[in-house]
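Each chain, written out:
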Protein chains: 4
Amino acid sequence: MAYGSRMVIDLNADLGEGFGVWRLGDDEALLDLVTSANVACGFHAGDASTMRRVCEQAVARGVVIGAQVGYRDLAGFGRRRIEMEPAELAADVLYQIGALDGFARIAGDRVRYVKPHGALYNTAMVDPVQAEAVASAIADYSHPLVLLGRPDTELSRAAAAHSIPYVAEAFADRAYLSSGQLAPRTVDGSVIVDPDEVVARSLALAREHAVLSTDGSLLTVAARSLCLHGDTPGAAHLARRVRGALIEAGITIAAFAD
Amino acid sequence: MAYGSRMVIDLNADLGEGFGVWRLGDDEALLDLVTSANVACGFHAGDASTMRRVCEQAVARGVVIGAQVGYRDLAGFGRRRIEMEPAELAADVLYQIGALDGFARIAGDRVRYVKPHGALYNTAMVDPVQAEAVASAIADYSHPLVLLGRPDTELSRAAAAHSIPYVAEAFADRAYLSSGQLAPRTVDGSVIVDPDEVVARSLALAREHAVLSTDGSLLTVAARSLCLHGDTPGAAHLARRVRGALIEAGITIAAFAD
Amino acid sequence: MAYGSRMVIDLNADLGEGFGVWRLGDDEALLDLVTSANVACGFHAGDASTMRRVCEQAVARGVVIGAQVGYRDLAGFGRRRIEMEPAELAADVLYQIGALDGFARIAGDRVRYVKPHGALYNTAMVDPVQAEAVASAIADYSHPLVLLGRPDTELSRAAAAHSIPYVAEAFADRAYLSSGQLAPRTVDGSVIVDPDEVVARSLALAREHAVLSTDGSLLTVAARSLCLHGDTPGAAHLARRVRGALIEAGITIAAFAD
Amino acid sequence: MAYGSRMVIDLNADLGEGFGVWRLGDDEALLDLVTSANVACGFHAGDASTMRRVCEQAVARGVVIGAQVGYRDLAGFGRRRIEMEPAELAADVLYQIGALDGFARIAGDRVRYVKPHGALYNTAMVDPVQAEAVASAIADYSHPLVLLGRPDTELSRAAAAHSIPYVAEAFADRAYLSSGQLAPRTVDGSVIVDPDEVVARSLALAREHAVLSTDGSLLTVAARSLCLHGDTPGAAHLARRVRGALIEAGITIAAFAD
């Protein structure tokens, strides 16, 4: 996205997704690459010690802290849709934001944005009831927060209805349908594994807000942030390549929240 | 405790100790009687919806909100000592405070004090390591907090070391040893069930800071707060009697935190 | 249901639905009234000590033990549908059955049937995927088990496909649509609160397999078991009345499993 | 240990210690090396799907299934001592055994032994109350089980009091004090990291029941089983070397339970 004559993009990644003795992804490697950290808040991943540490490390590197909120489902890593009452979902979202915000403030910053995780992310994109529950929770919080998600979705509309700033993100390693939806993970080729292609798509998304869809048409995705994945082998290495290519192309890597 | 020519006492009780479908105690009845609400924060009891509701009800009544922090042990209601690393315990305490503080701020107030629950309360009174972990957590929090507990304990000393204000509480329905310790619950007569005696001891504690110990000696307990129990049958009725007797005796019922 | 010249009905109720310090319903009162106990297995309610105790009490009274299996969702009491992979759901169901069966064997009996709980019950009635997951789990278990649920549902069909005996139950305190479905709880009058009406419907269901639907038509519900609810005030008293009325009408109260 | 003219040793390892999306150790590599699998049962690690899979894989390889029981503490991986009532602990142990036994029976075998995990292991070695709780649970189970642990401990004595067969294990990668206790992990050198030394100690333990203690004296450890660790980098490789060296030395690798 161009600000004046310069192109600017944010890099976000999921962090702090371990739990207790278990680890997932390389938090420290990714913290050196991203500008926005989606920190798990303990309901689907993350524990208090990890949250505290990641907040400290993020602040030390100038990385912006966001709340990666999810369903209360450690056993399912938040990847299973739960049909919740909106009021219960809103309270669960606020609980997670509050807990993380405590650690963010101790580290000298605040939680500045919210990104739903897993099945809550997918549900909030298409289900107006859960989207409204998430947005109303954020609107109720005592500190202004940005919502991060896919553009032109139920969540972006709910955010607008509550006057919550909404930042659009794109995925360089996921196939897009010509409708703008992501191809379902069950479809062959839905996850792009060729590093060169991921880098090329990152550049196209950052420079031209464009990505080739699965039917070959050029799709516009006006994303201010790119989501980097960190939980697969070689993920940190690929994230480093993407970041390097963006910088080399003259694109400014900068957080959307300040 | 006398402020100028008047005697003042706070009444605190554990609230929001249900979880999901399960209820414990009569939150609304007690909220009309106490000046300080120890709200469970989800680790040993309490869920997000309950926390949100109790915070709103407390603020609506002018009741001060405190964080009832405990071990992560829903199955044991926080009544089982867990030998935790101090850093892990401190992070768990901060997580709970942060989560409750989010709801307190939404309701228009803040968490103003912390009272450990169950086995963490008992452990923090006698174990300098866990006492220090709790106190250091509170010292690290971004907002000043008071600690509530028994006087002359490891926790009161750890609070002093961190310059945390410490408020002493007393129990009108528990037998005291002449050492100032509570008689263990396993001892016959350790819980005082006669309502008249509980009322009489409440008055003596509030007016004279005195209570008869199990060996008949008069013990000084300089408490600024009385802990009322709410989770037994008839508890709310007894709490109402205690409050009425204190008011009738000219004692001001007022929170210790403002 | 008539066996030879006699009418026979089973009475089942949900039991052991507390968790830790929290209680729900009057287990002992209901154990004196029912012939089949749906014992919660720890995923949505129930803890190990409660399961052990209820199994012992059931065996002492000759009450048959069934596994009340549910989603892993203590915070939601299993009342929130979770979109799970069938293999994961089957494993979760087997885990719960195995755990309860351990206590049943210690008490001198076995788990003899399975009744899904809450949202899993409702989902298994209408969703062929989750119905199949539950039925396949039961078919895989090392010990023969009966399935208990509403007749003519996805679960009854999945049971038939796996040659699992299926026992139909009816609800004397719930309104039926003329389709045979239960009226949703959100509909006014969906729960019948008049004790006399519940007793009358119990008799009609046991003697004539008939119940008046919400549009006034007579509906056939060929139930071998009546579900009694135990978690509302006065529930045990009403259950006692239903049982008394059935016996007085010459109906034999007997478990479906032996 | 010699049976007739042959020396025989069992190799046991902790398996199935992931939870949900999180993995720990290389289950399949270790299943090809051990004769006894200590399978986590869901309280401190392990989930239903993992338990089912590990049981199937163990049976397919002729590996004996044991229940790795622990405190209900996923966040602490069962490594934090919890002061529990003996009856509650016994019920929790039985719940875990029952759940695993369900999967073992589906896979065509049974749970044949129990090994406490983490803090419960350490506590049961020295605390007669928790040792008795564990032993009484196993004595109550409906199927005979062996207990696996360190020799000459509170747990071995509690097992003897209940006539439960007790199998002694040794640790080739842990330093022993001359008292027979393991050197605490906080002590430098308590964990032996030199692979050659671990192999040498394995041979000495299997052939001569002997190990050099930290003060240089020769200690007798009459172990029928060696515990291999699987959750560190290179663990499976080292386990393979130990197994190879034992076989090359003419020692029979065979389970203690059959």
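Attention in this report is confined to the structure presented alongside it. Source: prediction; values computed, not measured.

In this assembly, eight residues from chain D lie in contact with eight residues from chain B. Scanning the region where chain D abuts chain B turns up two salt bridges. When the shortest N-O distance is used, the salt bridge between Arg-80 of chain B and Glu-88 of chain D registers 3.2 Å. Counting every contact that joins chain D to chain B gives four residue pairs in polar contact (both at pLDDT 80 or more). Looking at the side of chain D that touches chain B, its residues break down into three nonpolar, no polar and five charged.

Attention now moves to the environment of Val-39 of chain C. Residues and elements named next belong to chain C. Position of Val-39 relative to the elements: it lies in strand β3 (residues 36–40). As a C-alpha pair, Val-39 and Asp-14 span 25 residues in sequence and 6.2 Å in three-dimensional space. If near-sequence neighbours (up to four positions away) are discounted, Val-39 is found in contact with Leu-15, Val-54, Ile-65, Gly-66, Ala-67, Gln-68 and Leu-100.

A few words now on the relation of the copies chain D and chain B. Structural alignment of chain D on chain B gives an RMSD of 0.0 Å, achieved by rotating through 180° and translating 0.0 Å along the axis. Here the symmetry operator amounts to a two-fold rotation axis. Among all residues of chain D, the one whose C-alpha sits closest to the rotation axis is Ile-82 of chain D, at a distance of 2.3 Å. A share of 100% of interface residues in chain D that are also interface residues in chain B marks the association as one of identical surfaces.

Further remarks concern the nonpolar core. With 320 residues, the main nonpolar core has Leu-246 of chain A, Leu-246 of chain B, Leu-246 of chain C together with Leu-246 of chain D as its most contacted residues. Ignoring any residue separated from it by four or fewer positions in sequence, one finds Leu-246 of chain D in contact with Ile-9, Leu-11, Ser-202, Leu-203, Ala-206, Leu-226, Ile-251 and Ile-253 of chain D.

The phi torsion at Ser-163 of chain B lies on the positive side, around 60°, for a residue other than glycine. Examined against the element boundaries, Ser-163 of chain B turns out to sit in the loop between α6 (154–161) and β7 (166–170). Since its relative accessible area comes to 65%, Ser-163 of chain B is described here as exposed. The phi dihedral of Phe-77 of chain C falls on the positive side, at around 55°, and the residue is not glycine. Its place among the elements puts Phe-77 of chain C in the loop between β4 (64–69) and α3 (86–106). Classification of Phe-77 of chain C as buried rests on a relative accessible area of 1%.

Moving on, we come to the pattern of salt bridges. Applying the stated criterion across every chain yields a total of 69 salt bridges over all chains. Ionic pairing is found between Asp-127 of chain B and Arg-81 of chain B, a salt bridge with its closest N-O pair at 2.9 Å. Here Asp-127 of chain B, found in the loop between α4 (118–126) and α5 (128–140), pairs with Arg-81 of chain B, found in the loop between β4 (64–69) and α3 (86–106); they are 46 residues apart in sequence, far enough to count as distant. Judged by its relative accessible area of 13%, Asp-127 of chain B falls in the buried class. As a salt-bridge pair, Lys-115 of chain C and Glu-169 of chain C come within 2.9 Å of each other at their nearest N and O atoms. Placement of the pair is Lys-115 of chain C in strand β5 (residues 111–116) and Glu-169 of chain C in strand β7 (residues 166–170), with a sequence separation of 54 residues. Each member of the pair, Lys-115 of chain C as well as Glu-169 of chain C, is classed as buried. Through salt bridges with shared partners, one network takes in Asp-101, Arg-105 and Arg-110 of chain A together with Asp-101, Arg-105 and Arg-110 of chain B.

Further remarks concern the side chain of Glu-17 of chain A. In this fold, Glu-17 of chain A is placed in the loop between β2 (6–15) and α1 (27–31). Despite its burial, Glu-17 of chain A remains without a salt bridge, the nearest opposite charge being carried by Arg-79 of chain A at 6.6 Å.

Bringing helix α7 (residues 195–208) of chain B into the picture now. Residues and elements named next belong to chain B. Across its 14 residues, α7 extends 20 Å between first and last C-alpha, which sits within 8% of the 20 Å expected from 1.5 Å per residue. Val-198, Val-199, Arg-201, Ser-202, Leu-203, Leu-205 and Ala-206 are the residues of α7 that are buried. For α7, the side-chain oxygen to backbone nitrogen distance between the N-cap and Asp-196 is 3.2 Å, and the N-cap itself is Asp-194. His-209 sits one or two positions beyond α7 and adopts a positive phi of about 55°.

This part covers empty space enclosed by the protein. Evaluation of the coordinates by the stated rule reveals one cavity of 30 Å³ or more. Contributing to the lining of the largest cavity are 32 residues, with Leu-74 of chain A, Arg-72 and Leu-74 of chain B, Leu-74 of chain C together with Leu-74 of chain D lying nearest its centre. Classifying every residue of the lining of the largest cavity by side-chain character gives 20 nonpolar, four polar and eight charged.

Here we take up the packing of aromatic side chains. In total, this model carries 24 aromatic pairs over all chains according to the counting rule given. Here Phe-19 of chain A and Trp-22 of chain D contribute two aromatic rings whose centre-to-centre distance is 5.9 Å and whose plane-to-plane angle is 25°, an arrangement assigned as stacked. Taken together, the positions of Phe-19 of chain A in the loop between β2 and α1 and Trp-22 of chain D in the loop between β2 (6–15) and α1 (27–31) put the pair across two chains. Of the two residues, Phe-19 of chain A and Trp-22 of chain D, neither departs from the other in class, the shared state being buried. Of the aromatic side chains, those joined through ring pairs into one cluster are Phe-19, Trp-22 and Phe-77 of chain A together with Phe-19, Trp-22 and Phe-77 of chain D. Against the face of Phe-43 of chain A rests Arg-72 of chain A, its NZ or CZ located 4.9 Å from the ring centre.

What counts and what doesn't
- Residues numbered from 1 in each chain as written.
- Chains lettered and ligands numbered in written order.
- Predicted model: local features only at pLDDT ≥ 70, side-chain atom pairs only at ≥ 80, totals over all residues.
- Heavy atoms only, no water.
- Contact = heavy atoms within 4.5 Å.
- Salt bridge = Lys/Arg side-chain N within 4 Å of Asp/Glu carboxyl O.
- Polar contact = N/O pair within 3.5 Å; in protein donor to acceptor, adjacent residues only side chain to side chain.
- Nonpolar A, V, L, I, M, F, W, Y, C, P; charged D, E, K, R; others polar.
- Helix = DSSP H or I, 4+ residues; strand = E, 2+ residues; numbered from the N terminus.
- Least-squares fit on C-alpha atoms with pLDDT ≥ 70 in both.
- Core = buried A, V, L, I, M, F, W, Y, C linked by side-chain atoms within 4.5 Å.
- Buried < 20%, exposed > 50% of the residue type's maximum accessible area, 1.4 Å probe, protein only.
- Lys, Arg positive; Asp, Glu negative; His and termini not counted.
- Expected span 1.5 Å × (residues − 1).
- 1 Å grid on protein atoms, 1.4 Å probe; cavity = no way out; pocket = protein on both sides within 12 Å on 5 of 7 lines; lining within 4 Å.
- Points joined across faces, edges and corners; volume = space filled by probe spheres on them.
- Phe/Tyr/Trp six-rings, centres within 6.5 Å; stacked < 30°, edge-to-face > 60°.
- Lys NZ or Arg CZ within 6 Å of the ring centre and 35° of its normal.

Nothing here speaks to function; it is geometry throughout.
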